[in-house]
Amino acid sequence: MKTVFLTDIDGTLVRRDVPLPDTVVAAAHEYTARGGLLAVCTGRSVAAAREIARRLGVNLPCILYGGASLYDFQAERHVYLHPFRWDVLDGVARVLERHPQISMQVFTAENIYVLRRNARLDARGVKEENTGALRHLSEIRGDVIKLVMCCDDPQELSDCRAYFPPKYCDFVFASRNFADVVAAGSSKVDAMRALSAAIGIPLERFCAAGDALSDLQMLRLAGTSFAPENAVEEVRSAVRYIVPDVSCGGMAEAFAVAADKI
């Protein structure tokens, strides 16, 4: 039976100061050449994930926007999309009004609206998702599928949970200072299960790699799991294999282990 490999991007394959190493690309291509199936599983948007997906040679629909989309890069279309209810923008308005230190990015299937920037977003955010002039809440068009907020104070971010009811929203810390919000039922794990059902491969045949708390459920659900040495302790303690730091191209080892399972 085929093996599926799902890999996170930021902190696992790359860092802001560490581009995707050629050794990792070569190992990914060797894995797929042996018959392995590969997709990225990330909070990134289509625009921010496209080049890495292309270089890796993904051959499955990829889990994007933290699980709100399954996107086929070969066909350039969303296979699956799970947007918020329309009133999620009420919560966005409350963050903008009551928390001036928090940045706000609103993602739709077609666009990224940067409503507020701060120094942390400029220094640590995904560059491809933080471009152009600031937009106004009233300019947003289309179904909203993801929100990203960041600030220096994690408690202030946590306080914003109150604006996004858990009945309708999944609020997850991607790192200490970044929070992602997607519609309830559209997490990485939900998309992982949907992908498993669509391709007919059980989750025990899935390999998964990640470094952050937002990857934890995905890693626990996969039959085989990997984390780089730079991952947070809770993630490192939850996986089967620890590979070298992202700056050392450790994911090459993960792809080699997965290739041997085929």
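Model, not experiment: these values are computed from the prediction.

Draft legend 1. Local environment of the overall build of the chain. If you tally the helices and strands in the chain, you get nine helices and 13 strands. Taking 18 Å as the expected radius of gyration for a compact globule of 262 residues, we find that the chain reaches 18 Å, a close match to that expectation. Out of the 262 residues belonging to the chain, those deemed buried represent 54%. In the chain, 56% of the contacts between residues at least 6 apart in sequence involve partners at least 24 apart. For the chain, the computed accessible surface area is about 11400 Å², with 49% contributed by carbon and sulfur atoms. In the chain, 30 side chains carry a positive charge and 33 a negative one; their mean positions are 2 Å apart.

Draft legend 2. Structural context of the pairing of strand β6 (residues 103-108). Along β6, six of the six residues are buried, which leaves the element largely enclosed by surrounding structure. The pairing of β6 with strand β8 (residues 144-150) spans six bridges and is classified as antiparallel. Its bridge partner lying in β8, T108 is registered against V144. Both β6 and strand β7 (residues 112-116) contribute to a ladder of four bridges, which runs antiparallel. Its bridge partner being in β7, Q105 is matched across the sheet by V114. Here β6 hands over to β7 after three residues, the two strands then running antiparallel side by side.

Draft legend 3. Looking closely at the pattern of salt bridges. Going through the model one piece at a time under the given rule, you end up with 15 salt bridges. Across the salt bridge formed by E51 and R54, the nearest N and O atoms sit 2.5 Å from each other. Separated by three residues within a single helix, E51 and R54 lie in helix α2 (residues 46-56), roughly one turn from each other. Its relative accessible area of 54% is what places R54 among the exposed residues. Notably, a salt bridge pairs D180 with K146, separated by 3.7 Å at the nearest N-O pair. Taken together, the positions of D180 in strand β10 (residues 178-183) and K146 in strand β8 put the pair 34 residues apart, joining distant regions of the chain.

Draft legend 4. Broad picture of the sheet that holds β10. Strand order in the open sheet formed by five strands is β7-β6-β8-β10-β9, and the pairing between neighbours is antiparallel. The open sheet has two edge strands with one neighbour each: β7 and β9 (169-175). Direction aside, the axes of adjacent strands within the sheet are offset by 20° on average. Here four bridges tie β8 to β10, and the two strands are oriented antiparallel to one another. Its bridge partner being in β10, L147 is matched across the sheet by V181. Where helix α3 (residues 88-98) meets the sheet, it contacts β6, β7 and β8, and its direction lies at approximately 15° from that of β8.

Analysis parameters
Residues numbered from 1 in each chain as written. Predicted model: local features only at pLDDT ≥ 70, side-chain atom pairs only at ≥ 80, totals over all residues. Heavy atoms only, no water. Helix = DSSP H or I, 4+ residues; strand = E, 2+ residues; numbered from the N terminus. Rg over C-alpha atoms; globule rule 2.2 N^0.38 Å. Buried < 20%, exposed > 50% of the residue type's maximum accessible area, 1.4 Å probe, protein only. Contact = heavy atoms within 4.5 Å. Areas by Shrake-Rupley, 256 points an atom, 1.4 Å probe, with all protein chains shown as cover. Lys, Arg positive; Asp, Glu negative; His and termini not counted. Charge placed at Lys NZ, Arg CZ, Asp CG, Glu CD. Pairing = 2+ DSSP bridges. Salt bridge = Lys/Arg side-chain N within 4 Å of Asp/Glu carboxyl O. Axes fitted to C-alpha atoms, helices over the stretch in contact; angles between N-to-C directions.

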